[in-house]
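Listed here are the chains, written in short residue letters.
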Amino acid sequence: MSLREQLCEYGRRAVELGLVIGTSGNLSVREGDLVAVTPSGAALDRLTPEMCPVVDVEGYLVEGDLQPSSETPMHLAVYATTHARAIVHTHSVFGTIVATTMTELPPVHYNALLLGGVVKVAEYATYGTPELAANVRAAMEGKKAALMANHGGVTVGATLEEAFEATRLLEWLCEVYVRGLSVGKPAVLTDEQLNAVIERALNPPTFPRRL
Ligand SMILES: [Zn+2]
């Protein structure tokens, strides 16, 4: 699948799963110095490959008639300082709730380790600005996800599929935490408990075969 076809596929899935309403979200995928990105102002479930612009890592338009997403500077800032090859940004409901009420998402489930543990909320700045790009880059350091204050969430991956699954996981973790708060006080995993999970994952048990 070409980069632009991937954007159509995952844009459609993002809308189907309710992670994105209409035009509120954007995806990109990088190959070499080129980045295919969803266009500005287009519904993500109605994209065609030729609608998706291609920019280079310096932000120059290389292909396409439509303007790249207004959040392209944020995508390029993350590409510039990480090994990410794909980025997904949405205004998903539970991610946005956490991003408007808290400064970080504490690890209440060990799967948070897949995103780097605590998910930080990047300081608020106007959408599409270099300031927001810098804030997201800082919050994302060493992690696969960040939330953006009063805005939404962003995840990275080695592939678009990976970045997309990270967005689904981020939304699930935020939902568990937010719903948990309405029931009681969610217990936060300690560093010791999280380290034990890493230890366990690195040394999975093997089951001897019955002869
Ligand atoms: Zn946004």
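The present account deals with the structure reproduced in this document.

Analysis parameters
Residues numbered from 1 in each chain as written. Predicted model: local features only at pLDDT ≥ 70, side-chain atom pairs only at ≥ 80, totals over all residues. Heavy atoms only, no water. Donors = N, O, S within 2.8 Å, 3.2 Å for Na, K, Ca; no water. Helix = DSSP H or I, 4+ residues; strand = E, 2+ residues; numbered from the N terminus. Buried < 20%, exposed > 50% of the residue type's maximum accessible area, 1.4 Å probe, protein only. Axes fitted to C-alpha atoms, helices over the stretch in contact; angles between N-to-C directions. Parallel < 35°, antiparallel > 145°, perpendicular 65-115°, else oblique. Left-handed = near helix turned anticlockwise from the far one by under 90°. Contact = heavy atoms within 4.5 Å. Nonpolar A, V, L, I, M, F, W, Y, C, P; charged D, E, K, R; others polar. Phe/Tyr/Trp six-rings, centres within 6.5 Å; stacked < 30°, edge-to-face > 60°. Disulfide = S-S within 2.5 Å. Polar contact = N/O pair within 3.5 Å; in protein donor to acceptor, adjacent residues only side chain to side chain. Pairing = 2+ DSSP bridges.

**Brief notes about the coordination of the zinc ion**
- With distances of 2.0 to 2.1 Å, the protein atoms coordinating the zinc ion are His89 (NE2), His91 (NE2) and His151 (NE2).
- Within one chain, the residues serving as donors to the zinc ion are arranged as H-x1-H-x59-H. Placement of the pair is histidine 91 in the loop between strand E5 (86–90) and helix H3 (93–101) and histidine 151 in the loop between strand E8 (145–148) and strand E9 (152–157), with a sequence separation of 60 residues.
- Among the residues examined, histidine 91 registers a relative accessible area of 33% and is labelled partly exposed.

**Re the packing of helix H2 (residues 72–81) against helix H4 (residues 130–140)**
- Viewed as axis vectors pointing N to C, H2 and H4 meet at an angle of 40 degrees, and their least axial separation amounts to 8 Å. The orientation of H2 relative to H4 falls into the category oblique. In the packing of H2 onto H4, the handedness of the crossing is right-handed. Here Pro73, Met74, Ala77, Val78 and Thr81 of H2 lie close against H4, whose contacting residues are Ala133, Val136 and Arg137.
- A breakdown of the residues in the contact of H2 with H4 according to their chemical character gives six nonpolar, one polar and one charged.

**Some remarks on the packing of aromatic side chains**
- Tallying each qualifying case throughout the model produces one aromatic pair.
- Between tyrosine 10 and phenylalanine 164, the aromatic rings sit 5.2 Å apart at their centres with planes inclined by 55 degrees, giving tilted as the arrangement. Of this pair, tyrosine 10 sits in helix H1 (residues 3–16) while phenylalanine 164 is found in helix H5 (residues 160–183), placing the two residues 154 residues apart along the sequence.

**Digging into the state of the cysteines**
- By the definition in use, this model includes zero disulfides.
- Unpaired in terms of disulfides, cysteine 52 finds its nearest cysteine sulfur in cysteine 8, a separation of 4.5 Å.
- Since its relative accessible area comes to 0%, cysteine 52 is described here as buried.

**Focus on the side chain of glutamine 6**
- If you trace the backbone, glutamine 6 turns up in helix H1.
- A residue is classified by how much of its surface remains accessible, and glutamine 6, at 18% relative accessible area, is buried.
- A polar contact is formed between the side chain of glutamine 6 and the backbone oxygen of methionine 1, at a distance of 3.4 Å.

**Brief notes about the sheet that holds strand E4 (residues 61–63)**
- A sheet is described by the order of its strands in space; here nine strands give the open sequence E4-E3-E2-E1-E5-E9-E8-E7-E6, paired in mixed fashion. Pairing within the sheet leaves two strands with one partner each, and these edge strands are E4 and strand E6 (104–105).
- The pairing of E8 with E9 spans four bridges and is antiparallel. What sits directly across from alanine 146, in E9, is valine 154.
- Here H1 sits on the sheet in contact with strand E1 (25–31), strand E2 (34–37), strand E3 (54–56) and E4, set at roughly 150 degrees to E1.

Treat this as a map of the structure, not an account of what it does.
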